[in-house]
Amino acid sequence: MMPKPTEETSSGYQVVGVTTPTQVVPDAEMLRRDDTDAGKWTIHSSSAQTGEPKTEITDRQMFVPTYDDEHSRHIRAQQMFHAKVSPSHKDMDKWVKRAWASERTLLACEKLRITTLMSQAGFEPHLHLQDGSEFRNGFQVSLHNDFQSAVLMSVALGETAGHTEFLRGVEQTHPEWKELLTKITQQGVSFYKSIETHNDERMNKGLPSLAKLNDTGEDIRANGFAYTEQLAKWVETIIGSIQQPPPKPDNPNPDGKKDRKGKKGKKGEDKSEGEGEGDPKAVKRLLKEISDAGKTLREHHQERRGGLPQYGKEAVWGTLRVGKPPLLRNVIGAIGKKRVATEMGRNPRRISRLLTDPQRRIFDRVVKGAGGVVLVDTSGSMSLSEDEVKQLVLHAPSALVAQYSGGSRTLPNLYVIANKGKMCERLPHPHGMNEVDLPALRWAVKNKQRPTSPVIWVSDGYVTGKHDDGGEELAMEVIKFCQKNGVYVVPEPEQAIELLKKLQRREKITSIIPEYLSVVYREETGRTLVLR
Amino acid sequence: MPKKSKTKNPPLALPKCWQTVKDALDAGIDRVILFGVAGTGKTYAGLNYGQLDGGAHRLICTDEMTNADVTGCWQPTASGSWSWLTGAGIKAWQGNGKVGGRLVIDEIDKAGGDVFATLLAITDTPESAVWEHPQTKKAIRPLDGFSVVMTTNIEDMTELPMALKDRFPVAIRINEPHPEALLRMSEDLREYAKQMCDAGERRISLRSFYAYDKLRKSLGAKKSAEIVFGSRAKSFLDAIQVDTGKKVV
């Protein structure tokens, strides 16, 4: 018997039999954007698997499933929303270059924005958006203990049908992550939803509304993607503050739901367990901190138009100009290399010790200092006298000491005032502003003598960028940098001297966190700032 | 995708293509081809824009048409004699007797061989164009001010015969409907109608939008879309839903 002939549809599919599935092609030409003109789109038929559906805005190409079912329809709507509001590849590069958040986090938060917009437009992503790979992905990230990826995937899948499956996968290995991931994702959704509510409130008060979530203006303040950037920045801050979530309790119950129910009935036991690792209380506290941080994120949007910086992360800081005045004066003390007596060696330089030293240490051994960099903020808010700075130099054993202060367009804003046992004759006059806190810190870390050399930053934490503009954004950047590079922070010169003395005695030292940085960190993350 | 031009047209200002048409005709260009998708108002522009003191005459070309439509034909009269009925081409040549008129030729590519040849003669430069009246035997030439606007749905101008292209140095692609045509529909649909006009094979005509606009007032969006757009109704409504961020009711 001859096989039945196959029919080819307009999309190129070969369909066996006499019926042809109904093909639904999205009308992407109808979409309007503020930043690009409308035009013809090329629609390609693709499968519904993750990675297959995609939209290339620059070339006006869309890859979507064209079946006439709700699942395909929702994927089409998702891609249509990308075509409507997401930045093109070229524009995305600009956002990435702003460096307030990584591309990976931006993409995850953008997916959540799209899903939120879908829900607001009357689609049902919580029922229909799912491709079947979510459980496996959740299981994989938790198996590899990759909390960061778990957060990003959870955010990307937020409000979709696949989110529940993803969490179920995570739960297999890390049941204690489930609540954290849910909480972080919820905060993201609440943030996006609060934008419309807030705009409505402003309209009722007769105030001009801010950018909508789906706006595509060329100016960043008129572009909804700015909210994606804002959320991405927040997500990264939260991931950074949590780093690794509290481990699972010692006797985990394989069934998460039953486990939580059990805990509810055993409050007395919880109290006696304390708040150490593996303690359910620690998770609970963390959840509250995430809630608080999410609330701050929403409040910031209302109070400060989202607190969104106009410029990229690098452009907000002043340009660092390093000045190196001649270091002519010897520093009396322990700066630099030091020779100490030893019983072994090549050249007996201390021959008198044959008689005076019971251990007969007639040779020399060179002992290098611990090194280190002391960076002194000499801006107006610090009100440091010349003598206080000098005292810092004298107490900095074998350290590179620099002072910085912005405010001049031409003169250096960072001066190296001591290095290798020598210091400058007269200390440079500070300009009064900050402007270059983060670039100065970067310089200090880069100029460490050895990877283990400590970097001590003497500052009250009131950091500012170009034109002496301050803000929580800048403070958070500095905090993140200090955390990442293990910078010791002390606000007062006396405390710095005390810390330097401890360093000389090879005692353990810790930062004394400036109040401003502490407050900002708590507001932004809901957590207590911990520095080295 | 090209960046959107910084200066947006005010609501009723002419789009770029229409402004070019207007400027060309106002400046006295007397041979213009308007090409592009159907239903955008090309003929309307030919009949209404520019110097029209000599009147405007329309000629719709088909396979079946004859030279009678262009130059004229003999017609029996009530008295049993025959009189000459002048065609649109010659009428446009003569205009109002003082200045030449406008000849608007729709779909010239659809005209048959002999009509096409006659049209070439009619649209030739005034110095070469001459036609002998069969009744009066008088040589007739186009009067000063005679102009021709040719419209076609052909997208690729290379498909037009060289002789014709040679006579029409200015060809303007019309990719947007005329603003006055858009004003006839509800405001929320105007932008979609404008964009879908130039959407290639997925183009939606203005007439479909008019019908949908009228129907939805009594039947609601969903049913109206199903009646007008058939199987395409879902994607049409979904696109509006995505674009406006609201469910279409």
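Everything that follows concerns the structure shown earlier in this document.
All of these numbers come straight from a predicted model, not from anything done at the bench.

*Asks:* Looking at this model, I keep getting lost on the overall build of chain B. Mind explaining?
*Replies:* In terms of helices and strands, chain B carries eleven helices and nine strands. In terms of overall dimensions, chain B has a C-alpha envelope of 70 × 45 × 30 Å along the principal axes. In chain B, which comprises 249 residues, the share counted as buried stands at 45%. Relative to all contacts within chain B whose residues are 6 or more apart in sequence, the contacts with residues 24 or more apart total 66%. Carbon and sulfur atoms form 52% of the exposed surface of chain B, whose accessible area is close to 12600 Å². One finds the centroid of the 34 positive side-chain charges in chain B at a distance of 7 Å from the centroid of its 30 negative side-chain charges.

*Asks:* Mind showing me how you'd approach a nonpolar patch on the surface here?
*Replies:* Residues Ile 351, Leu 354 and Leu 355 of chain A make up a contiguous nonpolar surface patch of roughly 340 Å² in combined accessible area. Following the sequence through the fold, Ile 351 of chain A ends up in the loop between strand 8 (338-342) and helix 13 (353-356).

*Asks:* Hey, could you run me through the interface of chain B and chain A in this one?
*Replies:* Quoted interface sizes are often the accessible area lost when the parts come together. Contacts between the two partners involve 29 residues from chain B and, on the opposite side, 33 residues from chain A. Carbon and sulfur atoms make up 51% of the surface buried where chain B meets chain A, a total of about 3000 Å² over both sides. At the surface where chain B touches chain A, the tally comes to six salt bridges. The closest approach of N and O atoms between Lys 84 of chain A and Asp 243 of chain B, which form a salt bridge, is 2.9 Å. Counting the contacts that link chain B with chain A gives 15 residue pairs in polar contact (both at pLDDT 80 or more). Mapped by element, the contributors of at least two residues to the side of chain B that touches chain A are helix 8 (187-196) and helix 11 (233-244) of chain B. Counting residues per element, the side of chain B that touches chain A draws most heavily on helix 11 of chain B, at ten residues.

*Asks:* Sorry, what's going on with the packing of aromatic side chains here?
*Replies:* Think of a pair of aromatic rings as described by two things: how far the centres are apart, and how the planes are tilted against each other in angle. Residues and elements named next belong to chain B. Enumeration according to the criterion identifies 14 aromatic pairs over all chains in this entry. Each ring, one from Tyr 212 and one from Phe 236, has its centre 5.1 Å from the other, and the planes form 80 degrees; the classification is edge-to-face. With Tyr 212 in helix 9 (residues 206-219) and Phe 236 in helix 11, this residue pair connects regions lying 24 residues apart in the sequence. When its relative accessible area of 0% is taken as the criterion, Phe 236 is described as buried. Feature note: the residues Phe 209, Tyr 212, Phe 229 and Phe 236 constitute an aromatic cluster, connected by ring pairs. Between the NZ or CZ atom of Arg 184 and the centre of the ring of Tyr 210, over which it lies, the distance is 4.5 Å.

Rules and cut-offs
- Residues numbered from 1 in each chain as written.
- Chains lettered and ligands numbered in written order.
- Predicted model: local features only at pLDDT ≥ 70, side-chain atom pairs only at ≥ 80, totals over all residues.
- Heavy atoms only, no water.
- Helix = DSSP H or I, 4+ residues; strand = E, 2+ residues; numbered from the N terminus.
- Buried < 20%, exposed > 50% of the residue type's maximum accessible area, 1.4 Å probe, protein only.
- Contact = heavy atoms within 4.5 Å.
- Areas by Shrake-Rupley, 256 points an atom, 1.4 Å probe, with all protein chains shown as cover.
- Lys, Arg positive; Asp, Glu negative; His and termini not counted.
- Charge placed at Lys NZ, Arg CZ, Asp CG, Glu CD.
- Patch = residues over 30% accessible without salt bridge, like charges linked within 9 Å, V, L, I, M, F, W, Y side chains within 5 Å.
- Salt bridge = Lys/Arg side-chain N within 4 Å of Asp/Glu carboxyl O.
- Buried area = accessible area lost by both parts, 1.4 Å probe.
- Polar contact = N/O pair within 3.5 Å; in protein donor to acceptor, adjacent residues only side chain to side chain.
- Phe/Tyr/Trp six-rings, centres within 6.5 Å; stacked < 30°, edge-to-face > 60°.
- Lys NZ or Arg CZ within 6 Å of the ring centre and 35° of its normal.

Just geometry here; none of it tells us what the structure is for.
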